[in-house]
Amino acid sequence: KRLVVTLPSVLCYNYENNLEPKLAFLQEECGISDERLRQRVVSFPAFLGYSLEKRYKVRLEQCKKAGKPLRMVFERAAVTDKQFELELLSKTRSAS
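(A) Helix α4 (residues 52–66), seen in detail. For α4, spanning 15 residues, the distance from its first C-alpha to its last is 20 Å, which sits close to the expected 21 Å at 1.5 Å a residue. Where α4 starts, the residue carrying a side-chain oxygen 3.3 Å from the main-chain nitrogen of Glu53 turns out to be Ser51. Of the residues trailing α4, Gly67 is marked for its positive phi of about 70 degrees.

(B) Focus on the pattern of salt bridges. Scanning the model with the defined rule gives 7 salt bridges in all. The closest approach of N and O atoms between Glu53 and Lys57, which form a salt bridge, is 3.0 Å. Remark: Lys57 and Glu53 occur in helix α4; sequence separation between them is 4 residues, near one turn of the helix. A relative accessible area of 32% places Lys57 in the partly exposed class. Here Arg71 ties to Glu75 by a salt bridge, and the two come within 3.4 Å at their closest N and O atoms. Highlighted residues: Arg71 and Glu75, both in helix α5 (residues 71–75), separated by 4 residues, approximately one helical turn. Classification of Arg71 by relative accessible area gives partly exposed; the value is 41%. The class for Glu75 is partly exposed, based on a relative accessible area of 30%. Shared partners join several salt bridges into a network, and the residues in it are Arg36, Arg71 and Glu75.

Rules behind the numbers
Residues numbered from 1 in each chain as written. Predicted model: local features only at pLDDT ≥ 70, side-chain atom pairs only at ≥ 80, totals over all residues. Heavy atoms only, no water. Helix = DSSP H or I, 4+ residues; strand = E, 2+ residues; numbered from the N terminus. Expected span 1.5 Å × (residues − 1). Polar contact = N/O pair within 3.5 Å; in protein donor to acceptor, adjacent residues only side chain to side chain. Salt bridge = Lys/Arg side-chain N within 4 Å of Asp/Glu carboxyl O. Buried < 20%, exposed > 50% of the residue type's maximum accessible area, 1.4 Å probe, protein only.

Keep in mind that these numbers describe shape and distance, not what the molecule does.
Here it is in structure tokens:
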């Protein structure tokens, strides 16, 4: 109920073409467990609204290039692209 109240547009999402590929990507490519993914969706439904192609896949490649943990794609999904890039640079500098 909370999911639908918080993000009513989720009712219009196509499971096979939108939700399933997005959830599978996060689990397979970023190593996110079922439980952790469930918790995130329930606590922050807007998480499902982000684009697989424009947000998640792009950020995965950025993490790979920067040598950062792939879970950052999942953990920092809500930040803007600019903020995400700044965090990657910041963490890269402090690791050097």
